[in-house]
Amino acid sequence: MENGASSPVPRVGVVVFLLRGKTVLLGRRRSSIGDSTFALPGGHLEFGESFEECAARELKEETGLDLDKIEFVTVTNNLFLDEPKPAHYVTIFMRAGLKDPDQVPQTVEPDKCDGWGWYEWDDLPKPLFWPLEKMVQSGFSPFPIQGSKEL
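Residues numbered from 1 in each chain as written. Predicted model: local features only at pLDDT ≥ 70, side-chain atom pairs only at ≥ 80, totals over all residues. Heavy atoms only, no water.

Caption draft 1: Layout of the nonpolar core. The biggest cluster of nonpolar side chains holds 16 residues, and the ones touching the most others in it are Val14, Leu18, Leu25, Ala55, Leu65 and Leu67. Breaking this core down by element, the ones donating at least two residues are β1 (11-20), α1 (51-63), β6 (87-98) and β7 (113-120). Leu18 has contacts with Thr23, Val24, Leu25, Leu59, Leu65, Leu67, Ala96, Gly97, Leu98 and Trp118, leaving out every residue within four places of it along the chain. With 15 residues, the next largest nonpolar core counts Phe38, Leu40, Phe93 and Leu128 among its residues. (Core = buried A, V, L, I, M, F, W, Y, C linked by side-chain atoms within 4.5 Å. Buried < 20%, exposed > 50% of the residue type's maximum accessible area, 1.4 Å probe, protein only. Helix = DSSP H or I, 4+ residues; strand = E, 2+ residues; numbered from the N terminus. Contact = heavy atoms within 4.5 Å.)

Caption draft 2: Seen up close, the pattern of salt bridges. Throughout the structure, instances matching the rule amount to eight salt bridges. Put simply, Arg30 and Asp114 hold a salt bridge, and the shortest N to O gap is 3.5 Å. Taken together, the positions of Arg30 in the loop between β2 (23-29) and β3 (38-39) and Asp114 in strand β7 put the pair 84 residues apart, joining distant regions of the chain. For Asp114, a relative accessible area of 47% gives the class partly exposed. Residues Lys112 and Glu109 are paired through a salt bridge, measuring 3.8 Å at the closest nitrogen-oxygen approach. Several salt bridges share partner residues, and in doing so they unite Glu46, Glu49, Arg57, Glu58 and Glu61 into one network. (Salt bridge = Lys/Arg side-chain N within 4 Å of Asp/Glu carboxyl O.)

Caption draft 3: The arrangement of the environment of Leu19 in detail. Topologically, Leu19 is positioned in strand β1. Leu19 gets classed as buried once you look at its relative accessible area, which sits at 9%. Distance in space between the C-alpha atoms of Leu19 and Leu98 is 7.4 Å, their sequence separation being 79 residues.

Honestly, that's just the spatial picture; any functional story needs more than this.
Below, the structure is given as structure tokens:
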């Protein structure tokens, strides 16, 4: 671009459907993108990091929780063009269970999240972060198909 300004580039985000029974962990975002919406734990993929490593690191940094049996679920291409600072994210969705079912999520980064809670998939809080809302409206379910391996 002219005047030495760089053009924006897509970022890679990794988020985790952390499942406990028929519930999923969500937190209320405090961010320039999707502020005050409910979203999955996650963050930016770091250089050289696998999706699994990123998911485990972000979950630990944000909630203090340790995950188990992580697997890839899907990927989405999200454009945030109407935000004050437009952004483009390729988001990797992972699914995992808790390493220790007795662990309780902590609000480790209160500047980024107002708190964490477990929500029934059929009774999610509102408003959802729009990429997640779009998935829910499409009929997507993060839970393994009956008869497949359980987390």
